[in-house]
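Chain by chain, the residues run as shown.
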Amino acid sequence: MAFFAVVYGFAVYVFFLATFVYAIGFVGGIAVPKDIDSGSAVPLAEALAVDIALLGLFAVQHSVMARRGFKRWWTRIVPEPVERSTFVLAASAVLALLLWQWRPIAQPVAWSVADPAGRFALQAVFWLGWAMLLVSTFLINHFELFGLRQVLARLSGRPLPEPVFRTPLFYRHVRHPIYLGFILAFWAAPTMTAGHLLFAVATTGYILVGIWFEERDLVALFGDRYRAYRQQVGMLLPWPRKGGGRDAARR
């Protein structure tokens, strides 16, 4: 059973990586057969209905499956060592569906930067966002975040350590650098079409809602230590600290 859990965990991780890399190309219009602004034109009402439904499905899946109450119920059905991998599988599948079924809305264009230096600057911010979120996953334990640490612990028979309260690198300046990375990547577009704008607005709105739920869980997990961290460090933008405090809460 433990061996099959490891095989399952690694297969899910490979699927996630493939979907994640494609998503970068999809948002940035880079080296993929179908990006956010390409594909067959459809009536505006159809495009809006399909795209909003896809974004809503993505938001609901993440919001529900990430909650502690759902996890307590879900692990009665799914073995706990593969619970995180199963979440990653579901999230990757919903994202893959969005990438596959997204309907482009090319017009109107919210903005288009013609100046080469301006376009280069926006593209640099785009890649900075992706780099920030990827580095941030390793700062808080990339392999636990995506389920591999759990299945390997099951194979070795060793329990996972309790969550640690700390602030590595970016987390000393913003509480949610992964989400900040997504926002930078989604909004740094030299040409912002209506479809891309819909995607950016909807995902940013979901991120803000998701932060509210996640911070509620973190307060329940870490209590006053996370409350103090929240007072000292900005959510998505850095601000001067009101006091010391080198510790912070991350899972």
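Note that the structure is a prediction, hence the values are computed from the model and not measured.

Novice: How would you explain the nonpolar core if you had to name every residue and give the values?
Specialist: Residues L98, W130 and F199 are the most contacted members of the largest nonpolar core, which totals 45 residues. Mapped onto this core, the elements with two or more residues apiece are α1 (2–28), α2 (44–65), α4 (83–101), α5 (116–139), α7 (148–156), α8 (177–187), α9 (194–222) and α10 (224–232). Of all the elements, α1 adds the most residues to this core, at 10 residues. Listed in part, the 10 residues of the second largest apolar core include Y179, L180, I183 and I211.

Novice: Summarise the pattern of salt bridges; cite the residues concerned and give the values.
Specialist: On inspection of all chains with the given rule, the structure shows six salt bridges. In this structure, D217 and R67 form a salt bridge, with 3.1 Å as the shortest nitrogen-oxygen distance. Of the two residues, D217 is situated in helix α9 and R67 in the loop between α2 and α3 (68–74); the sequence distance between them amounts to 150 residues. For the residue pair D217 and R67, the accessibility class agrees, reading buried in each case. Of the charged contacts, one joins R149 and E144 as a salt bridge, the two residues approaching to 2.7 Å between their closest N and O atoms. For R149, a relative accessible area of 29% puts it in the partly exposed group. The network of salt bridges with common partners includes R175, E215 and R230.

Novice: Explain α10 to me, using residue names and the numbers behind them.
Specialist: Along α10, the residues that are buried comprise Y226, Y229 and Q232. Take α10 and look down its axis: the buried residues cluster within an arc of 120 degrees, on one side only. Across from the buried face of α10, at angles greater than 90 degrees, the exposed residues are D224 and Q231. Looking at the buried positions of α10, the neighbouring elements they touch are α9.

Criteria and cut-off values
- Residues numbered from 1 in each chain as written.
- Predicted model: local features only at pLDDT ≥ 70, side-chain atom pairs only at ≥ 80, totals over all residues.
- Heavy atoms only, no water.
- Core = buried A, V, L, I, M, F, W, Y, C linked by side-chain atoms within 4.5 Å.
- Buried < 20%, exposed > 50% of the residue type's maximum accessible area, 1.4 Å probe, protein only.
- Helix = DSSP H or I, 4+ residues; strand = E, 2+ residues; numbered from the N terminus.
- Salt bridge = Lys/Arg side-chain N within 4 Å of Asp/Glu carboxyl O.
- Arc of directions from axis to C-beta.
- Contact = heavy atoms within 4.5 Å.

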